[in-house]
Amino acid sequence: METLNSATVPVQSAAEILARLPIRKVKELVGDEVFRDYIDTLSVDELDRLMYDWESWARPEQLEPPGSWSIWLYLAGRGSGKTRTGAEWIKSRVKRGKGRHIALISQSAADARDVMVEGEAGILAIYSDRDPNRPKYEPSKRRIVWPNGAQATIYTAEDPDQLRGPSHDTAWTDEIAAFRNVPDVWSNLMLGLRLGDSRCFISTTPRAIKFIKDLVAPGRTDVVISHGRTRDNFENLSTPFLNEIITKYEGTRLGRQELEAEILEDIEGALWSRSILDRNRVKEAPKEMVKIIVSIDPTVATAENATETGIIVMGKTADNHGYCLADRSLTASPLGWAKAGVQAYHDFSANKIVAEKNNGGEMVNLTIQTMAEKNRTTIVPVTLVWASRGKLIRAEPVAALDEQKKLHMVGSFPKLEDELCTYEGEGNSPNRLDAYVWAATELLVDRKFSRGLTWGRGNE
Ligand SMILES: Nc1ncnc2c1ncn2[C@@H]1O[C@H](COP(=O)(O)OP(=O)(O)O)[C@@H](O)[C@H]1O
Ligand SMILES: [Mg+2]
């Protein structure tokens with residue numbers, strides 16, 4: 001009888017053992033340094049195989065679930081690997097011949113290009129340059145074409161009607177919960193998703209909107225759900241990115257949504273609720289407005305801490321209802337937000353700009369006039385307002401207007417609405433909320449009730 005000894009059982013080299021393990025495991029086992037040494041021993045082809053073998057990199061929730069579902073919903077935090085999972089799923093559908101006519105849906109053409117197609121986790125990035133199956137991107141035709149004939153067409157939430165005609169067997173929408181018109185996009189997409197075993201992947205940070213709540217409702221046999229948190233993907237995230245989102249969200253309500261991917265229902269203690277905003281929402285603004293204002297809540301941006309300046313456009317009708325028409329908030333220098341504010345003033349033929357002067361004093365008006373001059377050489381009427389008391393006190397009368405059905409979102413403003421529905425009066429200052437409060441106060445709140453506000457003068 002043969003005995004087992006080192007002569008008859010081939011001793012496997014470390015590299016051989018490692019080669020059979022998922023890469024993620026290997027890294028875990030041997031540590032970064034050894035892993036790097038190991039990589040140094042590989043040939044270019046081996047390296048390619050290793051780098052682009054998604055099955056061995058992916059965490060379980062990032063791989064296609066088994067079963068005959070038609071919708072795969074990946075609800076996960078920022079940076080948790082949603083886009084990468086979508087791109088890899090498309091790659092695998094194409095490889096298996098299941099994805100021939102693919103729809104890629106993003107909020108805007110720029111988002112589709114910069115994230116889904118050319119982004120660091122997008123479709124082009126996950127093929128090696130040497131891979132014969134690598135697709136070609138044809139920007140002018142808004143499509144991606146694979147050597148095996150498969151095609152992906154890019155659609156945007158800004159023009160959902162384009163989704164109506166063509167049929168698809170595969171669809172991927174990225175960050176749909178932040179689209180401004182989810183129901184339109186979704187119904188059009190469903191119309192066209194009718195070929196054979198057609199399937200749709202939805203990768204998104206959750207928001208407690210009807211669309212998401214419907215998908216996660218119990219009893220839906222057509223939907224499978226994966227969950228992920230930002231921290232699950234820490235090892236693959238850059239330090240600046242982590243620092244930025246952690247400072248922004250850690251310990252905040254919104255962080256539970258943005259990092260932990262919780263579906264935040266109405267929050268006790270928050271002044272606004274999703275149900276109230278939904279109830280008051282209108283699809284289009286009334287034609288006749290008696291007054292339109294642009295409201296700006298400027299922030300002093302420092303190099304390491306660039307926060308957003310809230311810019312909200314709101315109109316008032318003769319019956320004293322307010323309509324939120326636009327959210328032009330942005331992260332920018334003073335001249336940058338002044339430019340955006342003046343632009344909004346012109347775009348909506350507004351009557352004036354209202355700006356908070358707590359950050360910047362009279363300079364706020366000066367900055368706006370400088371920009372106005374640069375633009376069209378007309379003076380823009382500006383009212384400067386000064387917040388002398390706490391935010392909550394300023395916000396309460398405005399929240400009351402919402403409760404009384406006197407304030408309406410025209411379409412949806414995901415970021416603004418998130419701020420309204422999660423803010424409890426302390427912590428990071430939400431600038432869109434502030435601008436919203438200033439706008440509604442200026443248009444609709446009787447000044448004797450607007451405690452905590454001092455109305456200064458701009459140039460009026
Ligand atoms: N399982 C994984 N292994 C290695 N890198 C990953 C994995 N999942 C995601 N990544 C990388 O992490 C980064 C963030 O992923 P991304 O898909 O952009 O996150 P999200 O869309 O959720 O914000 C990207 O560089 C992506 O390629
Ligand atoms: Mg993404």
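Residues numbered from 1 in each chain as written. Chains lettered and ligands numbered in written order. Predicted model: local features only at pLDDT ≥ 70, side-chain atom pairs only at ≥ 80, totals over all residues.

Engineer: Tell me about the packing of helix α15 (residues 414-422) against helix α16 (residues 431-444), and please be specific about residues and values.
Structural biologist: The contact between α15 and α16 brings their axes to 8 Å, and the two run at 85°. Regarding the angle of α15 to α16, the classification is roughly perpendicular. Contacts between α15 and α16 pair Lys415, Leu416, Glu419 and Leu420 from the former with Arg432, Leu433 and Tyr436 from the latter. Broken down by class, the residue content of the contact of α15 with α16 amounts to four nonpolar, no polar and three charged. (Axes fitted to C-alpha atoms, helices over the stretch in contact; angles between N-to-C directions. Helix = DSSP H or I, 4+ residues; strand = E, 2+ residues; numbered from the N terminus. Parallel < 35°, antiparallel > 145°, perpendicular 65-115°, else oblique. Contact = placed C-beta atoms within 7 Å. Nonpolar A, V, L, I, M, F, W, Y, C, P; charged D, E, K, R; others polar.)

Engineer: An account of the nonpolar core is requested, with residue identities and associated values reported.
Structural biologist: The biggest cluster of nonpolar side chains holds 50 residues, and the ones touching the most others in it are Met314, Ile353, Ile368, Tyr436 and Ala439. At eight residues, the largest contribution of residues to this core is made by α16. Ignoring sequence-local partners within four residues, the contact set of methionine 314 consists of Ile293, Ser295, Gly322, Tyr323, Cys324, Leu325, Ala439, Ala440 and Leu443. With 42 residues, the next largest nonpolar core counts Ala76, Ala103, Ile105 and Trp146 among its residues. (Core = buried A, V, L, I, M, F, W, Y, C linked by C-beta atoms within 7 Å. Buried ≥ 20, exposed ≤ 12 C-beta atoms within 10 Å, placed from the backbone.)

Engineer: Can you break down the sheet that holds strand β3 (residues 136-138) residue by residue, with the values?
Structural biologist: With mixed pairing, the eight strands of this open sheet are ordered in space as β3-β4-β5-β2-β6-β7-β1-β8. At either margin of the open sheet sits one strand with a lone partner, and together these are β3 and β8 (223-228). Taken over all neighbouring pairs, the strand axes of this sheet differ in orientation by 15° on average, direction set aside. In the sheet, strand β4 (residues 143-145) pairs with strand β5 (residues 151-156) via three bridges, with the strands oriented antiparallel. Paired with valine 145 across the two strands is glutamine 151, which belongs to β5. (Pairing = 2+ DSSP bridges.)

Engineer: Run through α15, naming residues and quoting values.
Structural biologist: Of all nine residues that make up α15, seven are buried, and the element is covered over most of its length. Residues Leu416, Glu417, Asp418, Glu419, Leu420, Cys421 and Thr422 constitute the buried set of α15. Next to the buried residues of α15 lie α10 (253-258), α11 (274-280), β11 (322-327) and α16.

Engineer: Mind laying out the pairing of strand β6 (residues 170-174), listing which residues take part and the relevant values?
Structural biologist: The buried fraction of β6 amounts to five of the five residues, a majority that puts the element mostly inside the structure. Sheet topology places strand β2 (residues 101-106) next to β6; four bridges connect them, and they run parallel. Counterpart to alanine 103 in the pairing with β6 is alanine 171. As judged from the five bridges shared by β6 and strand β7 (residues 199-204), these two strands associate in the parallel manner.

Engineer: Describe in detail the pairing of β2, supporting the description with residues and values.
Structural biologist: The buried fraction of β2 amounts to five of the six residues, a majority that puts the element mostly inside the structure. Both β2 and β5 contribute to a ladder of six bridges, which runs parallel. Counted as the bridge partner of leucine 104 is isoleucine 154 from β5.

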